[in-house]
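A look at the structure
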Amino acid sequence: REQPIFSTRAHVFQIDPNTKKNWVPTSKHAVTVSYFYDSTRNVYRIISLDGSKAIINSTITPNMTFTKTSQKFGQWADSRANTVYGLGFSSEHHLSKFAEKFQEFKEAARLAKEKSQEKMELTSTPSQESAGGDIQSPLTPESINGTDDERATPEVTQNSETRAEPTQNALPFTHSSTISKHWEAELATLKGNNAKLTAALLESTANVKQWKQQLAAYQEEAERLHKRVTELECVSSQANAVHTHKTELNQTIQELESTLKKKEEEIEGLKQEIDNARELQAQRDSLSQKLQEVEIRNKDLEGQLADLEQRLEKSQNEQEAFRNNLKTLLEILDGKIFELTELRDNLAKLIECS
């Protein structure tokens, strides 16, 4: 029975089997990704379930390598599954922890493999044949212990620190800051893609030059062979030998023409990639301009916000002064009312006495 020894949450991706370049998400949201240990076979596996569907079932081998491609993304290749898995984490800390566990269990798998080989060498005899490799058992929800516990584990909590609700005047600034962060993330992504495309463009340019040289060599060879065929047809007196040689040369020419056609198609594909790279460059420039406009708008909004704050403070001060004046007037009015009351009482007493 396999037991979970480490669990975390991440978004799961697999490499596109057609292009071998793009990532295809296999989970709509962050799911639990766990390391499992099978004590009976001494095997470590990475397993992730999306409901009852296994989206990762990868056995860790000594020759595997986990690579960090960014601050929150890592990948590894599984030759048995003939794919490359990618994990997107919520923070760099979770990625580093997962990578440490991967290296730890990879080393444990290597030691287990060495011990297993030593035992096989000690117990084997010349008449015995070596047994085949382990067959990986199929993954089912019933065959994994601790699945319910994994599902019960709380998700990684985000920053729960409470914040005061922004006022209506601060809303435009907050919204513009969110837009600015979004464009900055888009710009960073495009910069990374631009660097990759630039490298691919340089490599493609070098390949185009090489293929052009090969193409020129093939054309020269084809011309030489055509001339050779013409010379043989004019000079040779042995028609059968010439015909046979001509057939062979024609076949060679056809092969060269076929190779030439393939190279031309590859050149067209490289030209298309170069055009795509230029389009991405134009998009990056456009996004840079938009980001600058957003930054200018942010500065304007910051100025408006500072002006509103000053006006609000001034208004509050005026209201406070008005309140103080009202209090003073009320005190004076109370005094006058008290004096009038005394005067009325005195007048009433005088009237009664008279």
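In this text the structure is predicted, and so the values were computed from the model without any measurement.

Moving on, we get to the overall build of the protein. Along the backbone of the protein there are four helices and eight strands. Seen in sequence order, the protein has helices and strands lined up from the N terminus as β-β-β-β-β-β-β-β-α-α-α-α. Residue burial in the protein is summarised as follows: out of 354 residues, 25% are buried. Within the protein, contacts between residues at least 6 apart in sequence are counted, and of these 60% link residues at least 24 apart. Total accessible area on the protein is roughly 25,700 Å²; 51% of this is exposed by carbon and sulfur atoms.

Moving on, we get to the packing of aromatic side chains. Inspection of every chain in the model, using the stated rule, returns 14 aromatic pairs. Both rings, one in phenylalanine 66 and one in phenylalanine 102, keep their centres 5.5 Å apart while their planes meet at 35°; by these two values the pair is tilted. Note that phenylalanine 66 is positioned in the loop between strand S5 (53-59) and strand S6 (67-68) and phenylalanine 102 in helix H1 (residues 92-123), a separation of 36 residues in sequence. In this structure phenylalanine 66 comes out as buried when scored by relative accessible area, which is 13%. Using a relative accessible area of 1% as the deciding quantity, one classes phenylalanine 102 as buried. Judged by centre distance (6.3 Å) and plane angle (35°), the rings of tryptophan 76 and phenylalanine 98 are tilted. Taken together, the residues tryptophan 76 in strand S7 (residues 73-78) and phenylalanine 98 in helix H1 connect sequence positions 22 residues apart. Take tryptophan 76: its relative accessible area is 1%, and that puts it in the buried class. Following the ring pairs from residue to residue traces out a cluster consisting of Phe6, Tyr35, Tyr37, Tyr44, Phe66, Trp76, Tyr85, Phe89, Phe98, Phe102 and Phe105.

A cluster of nonpolar side chains, Phe322, Leu326, Leu329 and Ile332, forms an exposed patch at the surface whose accessible area comes to about 400 Å². Tracing the chain through its elements places leucine 329 in helix H4 (residues 239-353). Take leucine 329: its relative accessible area is 54%, and that puts it in the exposed class.

On to the pairing of S7. Of the pairings in the sheet, the one linking S6 to S7 comprises two bridges and is antiparallel in character. Within S7, the residue paired with lysine 68 across the bridge is glycine 74. Count of turn residues in the S6/S7 antiparallel hairpin: four residues. Here S7 pairs with strand S8 (residues 83-88) via six bridges, running antiparallel. The residue bridging glutamine 75 from the neighbouring strand is glycine 86, located in S8.

By secondary structure assignment, the location of glutamine 75 is in strand S7. Once the C-alpha coordinates of glutamine 75 and glutamine 14 are considered, the two residues, 61 residues apart in sequence, prove to be 9.1 Å apart. Ignoring any residue separated from it by four or fewer positions in sequence, one finds glutamine 75 in contact with Trp23, Thr65, Phe66, Thr67, Thr69, Val84, Tyr85 and Gly86.

With that out of the way, let us pick up the confidence of the model for the protein. Predicted confidence across the protein gives a mean pLDDT of 79, with 81% of residues reaching 70 or more. Note on residues 125-175: pLDDT under 50 across the span, and 51 contacts to partners over four residues away in sequence or across chains.

On to unusual backbone geometry. Even without being glycine, lysine 20 reaches a positive phi, approximately 60°. Looking at where lysine 20 falls in the secondary structure, it is placed in the loop between strand S1 (2-15) and strand S2 (23-25). In the Ramachandran plot, asparagine 82 falls in the positive-phi region, its phi being about 55° despite a non-glycine side chain. According to the relative accessible area criterion, asparagine 82 is exposed, its value standing at 60%.

The next point concerns the pairing of strand S3 (residues 31-38). Of all the eight residues making up S3, seven are buried; the element is thus mostly covered by neighbouring parts of the structure. Where S1 and S3 come together, eight bridges link them in antiparallel fashion. Residue pairing in the sheet places glutamine 3 in a bridge with tyrosine 37 of S3. The sheet contact formed by S3 and strand S4 (residues 43-50) spans six bridges and is antiparallel. By the bridge assignment, aspartate 38 is partnered in S4 with valine 43. The antiparallel pairing of S3 with S4 creates a hairpin that spans four residues between the two strands, and asparagine 42 there sits at a positive phi of about 55°.

Locating leucine 87 in the fold gives a position in strand S8. Separated by 19 residues in sequence, leucine 87 and lysine 68 place their C-alpha atoms 9.7 Å apart. Those residues in contact with leucine 87, other than ones at most four positions away along the chain, are Ala10, His11, Val12, Val33, Ile56, Lys72, Phe73, Gly74, Trp76 and Phe98.

Cut-off values and rules
Residues numbered from 1 in each chain as written. Predicted model: local features only at pLDDT ≥ 70, side-chain atom pairs only at ≥ 80, totals over all residues. Heavy atoms only, no water. Helix = DSSP H or I, 4+ residues; strand = E, 2+ residues; numbered from the N terminus. Buried < 20%, exposed > 50% of the residue type's maximum accessible area, 1.4 Å probe, protein only. Contact = heavy atoms within 4.5 Å. Areas by Shrake-Rupley, 256 points an atom, 1.4 Å probe, with all protein chains shown as cover. Phe/Tyr/Trp six-rings, centres within 6.5 Å; stacked < 30°, edge-to-face > 60°. Patch = residues over 30% accessible without salt bridge, like charges linked within 9 Å, V, L, I, M, F, W, Y side chains within 5 Å. Salt bridge = Lys/Arg side-chain N within 4 Å of Asp/Glu carboxyl O. Pairing = 2+ DSSP bridges. pLDDT = per-residue confidence, 0-100.

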